[in-house]
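Examining the three-dimensional arrangement
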Amino acid sequence: MSGLRGVLLLGISAVVLVVGIGAGATSIPPAEVWSGLLHGSAPSSAIVRELRLPRVLLAFMVGGSLGISGTALQALVRNPLADPYLLGISGGAGLGAVLVIASGGGGAWGVPLAAFAGALLALALVYRLSIVGERRLDPRVLLLAGVVVGAFSGALMSAIIVLSDVAQLRNAFLWLLGGFGGASWKTLDIFLAYAALPAGILLLSGRALDLLALGEEPAQYLGANIERTKRVVYLTTGLLTAAGVASCGIIGFVGLVVPHAARRLWGPLHRTLLPVVFVLSGCFLVLADTVARTVVRPVELPVGVVTALIGVPLFALLLRRSLA
Amino acid sequence: MRRATLLALQLLIGALACRTGATPAGSIRLVDDAGDTVAITRPARRVVSLVPATTELLFAIGAGPVLVGRTTWCDYPAAAAAVPDLGNGIGPNIEAVLGQHPDLVVLYRSAQNAAAAEQLRALGIPTVTLTVDRLADLDHVTTILGRLTGREHAADSVILATHRGIDSATATPAPVRPTVLVLVWDQPPMTVGAGSFLSELLERAGGRNLFGDLPSSSAQVSVEAVASRNPDLILTAADGMPAFATRPEWQVVRAVREHRFLHVSSSAFNRPSPRAGEAIRILAEKLREASR
Amino acid sequence: MILEARDLTVRYGGSSRPAVDGVTLSTDGGRLVAIVGPNGSGKTTLLRAMLGLLPLSSGSANVQGRPVAQWPRAELAKVIGVVPQTEERVFPLRVRESVMLGRYARLGALGRESTVDRQAVDEAMTRSDVLQFADRRVDTLSGGEWQRVRVARALAQEPAALVLDEPTASLDVRHEMEVFELIRHLVTGGLAGLIVTHHLNLAARYADRMIMLEEGRVAADGTPTEVLRQDVVARVFGWPVAVTTWCDGSPQVVPLRPGEAR
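Residues numbered from 1 in each chain as written. Chains lettered and ligands numbered in written order. Predicted model: local features only at pLDDT ≥ 70, side-chain atom pairs only at ≥ 80, totals over all residues. Heavy atoms only, no water.

**Some thoughts on the overall build of chain C**
Summing up its helical and strand segments, chain C has 10 helices and 12 strands in all. Across its three principal axes, chain C shows a C-alpha extent of roughly 60 × 40 × 35 Å. The buried share among the 262 residues of chain C stands at 53%. For chain C, the proportion of contacts with a sequence separation of at least 24, taken over those separated by at least 6, is 64%. Side chains of chain C give 31 positive and 31 negative charges; the mean places of these two sets differ by 2 Å. (Helix = DSSP H or I, 4+ residues; strand = E, 2+ residues; numbered from the N terminus. Buried < 20%, exposed > 50% of the residue type's maximum accessible area, 1.4 Å probe, protein only. Contact = heavy atoms within 4.5 Å. Lys, Arg positive; Asp, Glu negative; His and termini not counted. Charge placed at Lys NZ, Arg CZ, Asp CG, Glu CD.)

**Let's talk about the sheet that holds strand S4 (residues 67–69) of chain B**
In a beta sheet, neighbouring strands pair by backbone hydrogen bonds and run either parallel or antiparallel. All names here are of chain B. An order of S4-S3-S5-S6 is seen for the four strands of this open sheet, with the pairing classed as parallel. The outermost strands of the open sheet, each flanked by one partner alone, are S4 and strand S6 (127–130). Strand-to-strand twist across the sheet, computed as the mean angle between neighbouring axes with direction ignored, equals 30 degrees. Relative to strand S5 (residues 104–108), strand S3 (residues 47–49) is paired through three bridges, and the arrangement is parallel. By the bridge assignment, Val-48 is partnered in S5 with Val-105. (Pairing = 2+ DSSP bridges. Axes fitted to C-alpha atoms, helices over the stretch in contact; angles between N-to-C directions.)

**A word on the side chain of Glu200(B)**
All names here are of chain B. When you line up the elements, Glu-200 lands in helix H7 (residues 197–204). For Glu-200, a relative accessible area of 15% puts it in the buried group. When residues no more than four places from it in sequence are discounted, the contact partners of Glu-200 are Arg-134 and Leu-135.

**Looking at the interface of chain A and chain B**
Listed as interface residues are 32 residues of chain A and, on the opposing side, 25 residues of chain B. Across the interface of chain A and chain B, roughly 2300 Å² is buried in total on both sides, 65% from carbon and sulfur atoms. Where chain A touches chain B, the interface holds one salt bridge. A salt bridge links Arg52(A) to Glu224(B); its shortest N-O distance comes to 2.6 Å. Our count for the contact surface shared by chain A and chain B stands at six residue pairs in polar contact (both at pLDDT 80 or more). Those elements that place two or more of their residues in the side of chain A that touches chain B are helix H3 (43–76), helix H5 (110–129), helix H7 (166–176) and helix H8 (185–203) of chain A. (Buried area = accessible area lost by both parts, 1.4 Å probe. Salt bridge = Lys/Arg side-chain N within 4 Å of Asp/Glu carboxyl O. Polar contact = N/O pair within 3.5 Å; in protein donor to acceptor, adjacent residues only side chain to side chain.)

**Concerning the arrangement of the chains**
A comparison of contact numbers over the two pairs of chains in contact places chains A and B at the top. What separates chain B from chain C at the closest point of their C-alpha atoms is a distance of 39 Å, and the two make no contact.

**Looking at empty space enclosed by the protein**
One pass over the full model with this rule turns up three cavities of 30 Å³ or more. By volume, the largest cavity is sized at about 110 Å³. Lining the largest cavity are 14 residues, with Leu214(A), Glu88(C), Phe91(C), Pro92(C) and Leu93(C) sitting closest to its centre. The class makeup of the residues in the lining of the largest cavity is nine nonpolar, two polar and three charged. Of the volumes computed, that of the second largest cavity is approximately 70 Å³. In this structure, the second largest cavity is lined by Leu51(A), Arg52(A), Arg55(A), Phe180(A), Gly181(A), Ala183(A), Arg293(A), Glu300(A), Ser222(B), Val223(B) and Glu224(B). (1 Å grid on protein atoms, 1.4 Å probe; cavity = no way out; pocket = protein on both sides within 12 Å on 5 of 7 lines; lining within 4 Å. Points joined across faces, edges and corners; volume = space filled by probe spheres on them. Nonpolar A, V, L, I, M, F, W, Y, C, P; charged D, E, K, R; others polar.)

**Structural notes on a positive patch on the surface**
A grouping of Arg128(A), Arg136(A), Arg228(A) and Arg231(A) is seen on the molecular surface, where their side chains present a positively charged patch. Relative to the helices and strands, Arg231(A) is located in helix H11 (residues 226–248). (Patch = residues over 30% accessible without salt bridge, like charges linked within 9 Å, V, L, I, M, F, W, Y side chains within 5 Å. Areas by Shrake-Rupley, 256 points an atom, 1.4 Å probe, with all protein chains shown as cover.)

**A look at the packing of aromatic side chains**
Tallied over the entire structure, the rule returns six aromatic pairs over all chains. With centroids separated by 6.2 Å and ring planes inclined at 75 degrees, the aromatic side chains of Phe60(A) and Phe278(A) adopt a geometry described as edge-to-face. With a gap of 218 residues between them, Phe60(A) in helix H3 and Phe278(A) in helix H13 (residues 270–294) connect regions that are remote in the sequence. Phe278(A) shares its class with Phe60(A); the two are buried. When the centroid spacing of 6.1 Å and the interplanar angle of 85 degrees are considered together, the rings of Phe244(B) and Phe261(B) count as edge-to-face. Highlighted residues: Phe244(B) in the loop between strand S12 (233–236) and helix H9 (254–257) and Phe261(B) in strand S13 (residues 261–263), separated in sequence by 17 residues. Classification of Phe261(B) as buried rests on a relative accessible area of 18%. Every member of this aromatic cluster is reached through a ring pair, and the members are Phe244(B), Trp250(B) and Phe261(B). When the ring centre of Tyr76(B) is taken as reference, the NZ or CZ atom of Arg275(B) above it lies at 3.5 Å. (Phe/Tyr/Trp six-rings, centres within 6.5 Å; stacked < 30°, edge-to-face > 60°. Lys NZ or Arg CZ within 6 Å of the ring centre and 35° of its normal.)

**As for unusual backbone geometry**
Looking along the chain, the bond that leaves Arg297(A) and enters Pro298(A) is cis, with omega of 5 degrees. The residue Pro298(A) is located in the loop between H13 and helix H14 (303–323) in this model. Following Tyr76(B), the chain continues to Pro77(B) via a peptide bond in cis, the omega torsion being -5 degrees. Relative to the helices and strands, Pro77(B) is located in the loop between S4 and helix H3 (94–99). Here Arg78(A), not a glycine, exhibits a phi torsion of approximately 50 degrees, which is positive. With a phi angle near 50 degrees, Glu215(C) is a residue other than glycine that sits in the positive phi range. Its location among the elements puts Glu215(C) in the loop between strand S9 (209–214) and strand S10 (217–222). For Glu215(C), a relative accessible area of 45% corresponds to the partly exposed category.

**Looking at the interface of chain C and chain A**
The parts lose accessible area when they come together, and the size of an interface is often stated as this lost area. At the junction of the two partners, chain C supplies 29 residues and chain A supplies 23 residues. Both sides of the chain C and chain A interface together cover about 2500 Å² of buried area, and 65% of this is carbon and sulfur. Considering only the surface of chain C that becomes buried against chain A, Phe91(C), Leu101(C) and Tyr104(C) emerge as the three largest contributors, covering 30% of it. Between the two partners, chain C and chain A, sit four salt bridges. Where Glu113(C) meets Arg271(A), a salt bridge forms, and the shortest distance between an N and an O atom there is 3.2 Å. Where chain C packs against chain A, one counts seven residue pairs in polar contact (both at pLDDT 80 or more). At the level of elements, helix H2 (73–79), strand S6 (80–83) and helix H4 (104–107) of chain C are the ones that each hand at least two residues to the side of chain C that touches chain A. Split by residue class, the side of chain C that touches chain A holds 17 nonpolar, five polar and seven charged.

**Comments concerning the layout of surface pockets**
Approximately 1200 Å³ is the volume found for the second largest pocket. What lines the second largest pocket is a set of 39 residues, among which Trp266(A), Gly267(A), Pro268(A), Leu269(A) and Glu97(C) lie closest to the centre. Within the residue set of the lining of the second largest pocket, elements represented by two or more residues are helix H1 (2–22), helix H9 (206–212), helix H12 (254–266), H13 and H14 of chain A together with helix H3 (95–100) and helix H5 (115–127) of chain C. Taken together, the residues that form the lining of the second largest pocket break down as 18 nonpolar, five polar and 16 charged.

**Concerning a nonpolar patch on the surface**
Residue and element names in this part refer to chain A. Among the surface-exposed residues, Val-15, Val-19 and Leu-287 lie close enough to one another that they form a single nonpolar patch of about 240 Å² accessible area. With respect to the helices, strands and loops of the structure, Val-15 is situated in helix H1. On the basis of relative accessibility, which here comes to 52%, the residue Val-15 falls in the exposed class.

**A closer look at helix H7 (residues 173–188) of chain C**
Residues and elements named next belong to chain C. Spanning 16 residues, H7 covers 22 Å between terminal C-alpha atoms, matching the ideal 22 Å at 1.5 Å per step. When H7 is considered as a whole, its buried residues turn out to be His-175, Glu-176, Val-179, Phe-180, Leu-182, Ile-183, Arg-184, Leu-186 and Val-187. Looking at the buried residues of H7, the elements they touch are strand S3 (32–36), H5, helix H6 (143–156), strand S7 (161–165), strand S8 (192–196) and helix H8 (200–206). Just downstream of H7, Gly-190 is the residue with a positive phi angle, here 130 degrees. (Expected span 1.5 Å × (residues − 1).)

**Looking at the confidence of the model for chain C**
Averaged over all residues, the pLDDT of chain C equals 93, while 100% of them reach at least 70. What the predictor reports for the complex is a pTM of 0.86 with an ipTM of 0.93. (pLDDT = per-residue confidence, 0-100.)

In structure tokens form, the structure reads like this:
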């Protein structure tokens with residue numbers, strides 16, 4: 001049974017990747033796409049090799065990372081409504097991006113760097129807030145701390161926007177809405193450098209997450225070192241999400257909806273759920289990005305808008321099914 | 001004695017006019033771009049202009065002395081600096097506007113300003129809402145401003161001069177017109193479509209807007225679309241080598257690899273104004289230089 | 001002694017009296033010890049301290065002769081199977097998967113499940129009489145069935161001792177009896193048993209020894225007959241009771257209505 005599932009997932013991924021590479025803002029016939037992949041030298045080859053291919057791979061990796069981050073955080077706080085931005089990361093990243101743009105640019109890499117730094121700062125702040133006496137990373141406190149930090153960052157962002165050049169900051173919002181326009185082999189490498197290790201660790205943490213989902217007391221009685229597990233989940237999901245935001249802004253719904261759908265289809269056992277979620281959310285984001293850059297081409301929609309437009313009805317459908 | 005008779009006569013005519021509903025002599029009545037009627041009894045003497053384009057036009061028609069308020073972005077001419085700065089033009093600070101006791105307020109037509117216009121009118125202040133986005137808007141906006149300030153002749157002159165400037169600067173179509181990517185922002189890539197003033201200037205200066213097929217005034221596009229359309233030149237907001245030129249994904253665009261960048265800086269490129277002709281001339285010169 | 005507490009005291013910072021005050025108890029293979037007492041008397045706190053979740057203010061808590069604080073959690077889980085009072089079912093697994101979680105202490109985070117593990121799980125489910133539910137999701141089970149699944153999970157750990165905190169709270173008569181029978185059967189089979197329960201009468205019939213807590217201190221300690229005496233129960237629980245004897249010799253407590261005499 002799991003063999004069949006593996007083949008199915010591989011098949012879906014292959015199809016999605018082909019669609020993603022074959023479609024784009026400009027029409028390139030399949031033969032040219034193929035030759036472009038194999039070191040062709042037509043003008044369209046550079047587009048295929050240097051723009052589409054890394055973009056599709058980056059979308060897959062970021063999607064997968066957001067998916068497993070959402071899944072792990074849902075286990076950490078024992079709440080299926082958690083998503084990767086729970087820990088105030090979106091607020092911190094947004095604030096970083098807005099600050100850099102308002103202060104005049106920071107160069108070609110200024111915005112991603114500032115978003116990354118802002119995300120990590122928010123993470124540290126939420127961690128600090130979650131230390132209540134002897135207890136660290138208490139899920140209820142985490143939820144509240146995340147909301148608080150997010151709200152505070154949002155307020156600061158609004159203040160900066162009001163006091164600065166409006167035109168520039170409208171563009172900051174466009175970046176924050178999410179997009180893979182800046183994708184290249186270099187951005188892919190950078191993302192993998194930050195994300196490969198945390199993603200690997202998370203993918204192997206299935207059993208520990210199953211225990212954590214029972215509650216901290218039962219998990220400890222079953223032999224889990226929950227303080228270490230919680231810290232690992234916190235750090236890996238935080239790093240993955242921060243790297244994701246730095247690569248492509250804030251893309252919602254991937255880390256919330258795909259774990260839900262995967263659980264309904266494949267059951268909630270984390271050891272098998274996590275790899276499935278990684279592949280499915282990767283495919284989901286590649287598809288969303290493909291739609292974003294082809295549906296009104298040459299104009300490009302922010303990917304975050306597309307994931308919301310697809311994600312909300314999907315989520316509503318899942319909810320109705322699960323309540324029926 | 002004579003004066004009194006004259007006054008009595010005017011009052012009589014005024015009273016008669018009011019009874020018959022006709023526009024009394026000396027009062028001005030017109031419909032603005034939002035479809036609202038603006039009626040003032042005499043040429044405005046305290047004007048708050050909340051649109052950089054109309055501030056410039058008011059100075060151009062000699063109505064500078066009647067200005068009592070402007071926005072922070074009203075940067076031309078230099079004399080505008082002496083006019084009190086009242087903040088934003090979109091979502092204006094009503095209190096600051098009221099503080100200047102204006103008898104006319106000029107607003108930019110946008111959804112956000114509809115509420116402000118209503119508020120001001122409810123307070124008894126004549127408000128005119130204008131669209132100043134493209135060259136074609138200049139004529140009727142200048143005319144309206146001329147009528148509202150009692151400077152119709154000056155307005156007509158300005159219109160004529162502007163047209164002459166534009167026509168003389170508009171290049172005769174060259175056999176090969178360079179395609180130009182107008183890049184307003186790089187992350188994500190933002191450009192202008194046919195609906196934008198800058199696109200108009202570009203076309204008249206002898207260039208072709210890479211995304212002139214898009215009707216909107218601005219649009220977010222993908223690098224891939226730019227790469228495949230392969231512009232000859234890239235017009236950016238910053239001088240010198242723009243920061244995004246070092247990013248790997250932009251290297252697919254030939255114009256980036258070959259550093260074929262253009263830059264224009266004056267506010268004459270941001271909005272329609274009497275300086276449009278000059279702007280076109282400058283742009284045409286830069287296009288010729290870059291194509292050599 | 002598998003599980004032992006000596007003069008165990010737990011004091012929460014800032015409170016006037018200790019939550020657990022000088023409690024001594026022990027249990028070993030084949031013996032079932034029941035901890036009873038009113039709400040707030042410190043029963044759950046005592047368990048948590050004995051199992052290493054709470055630090056001791058004084059006294060000792062040992063597992064197989066070693067202080068519990070020195071036991072790594074995974075090692076402890078191989079010796080003691082615990083069924084705590086509450087647990088979340090936010091992401092409900094199937095029964096077999098749930099019981100397999102009991103093998104965590106022996107598998108670790110990365111180990112692959114082997115025949116040994118699957119056999120241990122099957123055996124645990126059989127002993128707990130939940131084998132027939134193996135492929136059902138745990139949120140489709142009744143209260144009693146869910147409890148037995150949790151006991152099976154604890155058994156899958158292959159422990160030497162079984163500790164249960166209020167295992168029959170909110171269960172009906174039939175499921176209460178099933179759970180107690182199961183526990184008694186397992187203890188008679190060789191496990192050490194420690195159970196916290198509010199059910200005085202069932203504890204009296206199934207347990208070998210009882211210990212009654214009152215505001216953190218031991219109010220009575222010994223066989224059920226020695227502990228469930230009318231004057232002790234009435235004082236500790238603050239309600240007049242009568243104590244009768246059932247045919248198996250165990251004392252049964254009957255709370256009196258106002259106006260009834262003993």
